[in-house]
Amino acid sequence: TQDYSQYNEIDQSTWRFIMKVSIDFFKKYGHKIYLDGLNKTGITLNEIPKISNINNKLNKFINPVDKSIELQRCWIEEQNKRANDYYFIIEDKSKVPLGTISLYKILDNQGEWGRWVSVGDPIQNIESAILIHNFAFINLKLNLVYSKVIDENVHVLNFNKSFGAKKIGKPKKSKNGYFLQLM
C-alpha cells in the first residue's frame, strides 16, 4: 500500500525532475498516446501520483471485480461449468503466468473475446490475442469473433483496429460509459 505521507519534499522534487525530463523526451520521441495516457490517468509532473487515484481513473475501462477472494473463486468455478465458455491463463515459454484471456458467449457460430489482462511484453500480448482468435476460428470453427470496448479506451480500440476489427452498430450505454462492439 502506498503511504503518501512518507513522501518528503526531496521525493516530490525528484519526481518533478524525472517527469520533466520524461515528458520532454516523449514529446520529442514518443508516441502521442503516451502523453494522452498520462493526462487521462491524472499523472502530472507536479507531484507523485496517488495510486488509488490512478486506479479509479483506469477502472472505468474494465468491469468491476468483487474484492472478496471467495466470491472471485466462486465466479471462476461457475464460469468453468458454463458450456462454450473458455478461460485461459497466458504463460510465457517458461510457463510463467502472465495473465488471462477468454472466449465466451458463444452462440450461432459467434463468440466474444475479452477478460484479457496481461503483464506480458507487447509480443507476448499480441501472441495471446492471435492465439485466442486461432482457437475461435480454427478449433471452434466460429464465423465471427467480437469484443466490447469502452469508447474512451482508445489504445484498445486502436489495437483491435490494427487487426482489421470494425465497429458493429451504434455505441451502447454501460455503467462504465459507452462501449463499441468490434468484429
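Since we're looking at a predicted model, the values are computed, not measured. (Residues numbered from 1 in each chain as written. Predicted model: local features only at pLDDT ≥ 70, side-chain atom pairs only at ≥ 80, totals over all residues. Heavy atoms only, no water.)

A. Layout of the overall build of the chain. Looking only at helices and strands, one finds six helices and six strands in the chain. Overall, the C-alpha framework of the chain stretches about 60 × 40 × 40 Å when taken along its three principal axes. A burial count over the chain gives 27% of its 183 residues as buried. Of the accessible surface of the chain, which amounts to about 12900 Å², a share of 58% is contributed by carbon and sulfur atoms. The positive charge centre, built from 26 side chains, and the negative charge centre, built from 19, are 8 Å apart in the chain. (Helix = DSSP H or I, 4+ residues; strand = E, 2+ residues; numbered from the N terminus. Buried < 20%, exposed > 50% of the residue type's maximum accessible area, 1.4 Å probe, protein only. Areas by Shrake-Rupley, 256 points an atom, 1.4 Å probe, with all protein chains shown as cover. Lys, Arg positive; Asp, Glu negative; His and termini not counted. Charge placed at Lys NZ, Arg CZ, Asp CG, Glu CD.)

B. View of the nonpolar core. Among the nonpolar cores identified, the biggest contains 13 residues, and I101, L103, W113, I132, A136, L142 and V145 are the most heavily contacted of them. Apart from residues lying up to four places away in sequence, I101 is in contact with Y86, Y87, F88, I90, W113, G114, R115, W116, S128, A129 and I132. Ranked by size, the runner-up nonpolar core spans six residues in total, among them M19, I23, L38 and I54. (Core = buried A, V, L, I, M, F, W, Y, C linked by side-chain atoms within 4.5 Å. Contact = heavy atoms within 4.5 Å.)

C. Main features of the side chain of T41. On the secondary structure map, T41 appears in helix α2 (residues 32–41). At 3.1 Å, the side chain of T41 and the backbone oxygen of L38 are in polar contact. Setting aside residues up to four positions removed in sequence, T41 forms contacts with I54, K57 and L58. (Polar contact = N/O pair within 3.5 Å; in protein donor to acceptor, adjacent residues only side chain to side chain.)

D. Just the pairing of strand β2 (residues 97–107), in detail. Of all eleven residues in β2, eight are buried, a share of seventy percent or more. Taken together, the six bridges between strand β1 (residues 86–91) and β2 define a ladder with antiparallel strand orientation. If you follow E91 over to β2, its bridge partner there is P97. Between the antiparallel neighbours β1 and β2 lie five residues, among them K95 with a positive phi of about 70°. (Pairing = 2+ DSSP bridges.)

E. View of helix α1 (residues 9–29). The end-to-end C-alpha distance of α1, which contains 21 residues, comes to 30 Å, matching closely the 30 Å that a straight helix rising 1.5 Å per residue would cover. Every buried residue of α1 is listed here: Q12, M19 and I23. Burial along α1 is one-sided: seen end-on, the buried residues are contained in an arc of 30°. With respect to the buried face of α1, the exposed residues turned more than 90 degrees away are I10, F17, K28 and Y29. Looking at the buried residues of α1, the elements they touch are α2. (Expected span 1.5 Å × (residues − 1). Arc of directions from axis to C-beta.)

F. A nonpolar patch on the surface, seen in detail. Together, F17, I18 and V21 line one region of the surface with nonpolar side chains, adding up to about 300 Å² of accessible area. Turning to its location among the elements, F17 is positioned in helix α1. (Patch = residues over 30% accessible without salt bridge, like charges linked within 9 Å, V, L, I, M, F, W, Y side chains within 5 Å. Salt bridge = Lys/Arg side-chain N within 4 Å of Asp/Glu carboxyl O.)

G. Expanded view of helix α6 (residues 154–162). When we look at burial in α6, the residues that qualify are L157, F159 and N160. For α6, the arc enclosing every buried residue in end-on projection is 160°, short of the 170-degree limit, so these residues lie on one face. Exposed side chains of α6 directed beyond 90 degrees from the buried face belong to H155 and S162. Residue G164 follows α6 closely and has a positive phi angle near 95°.

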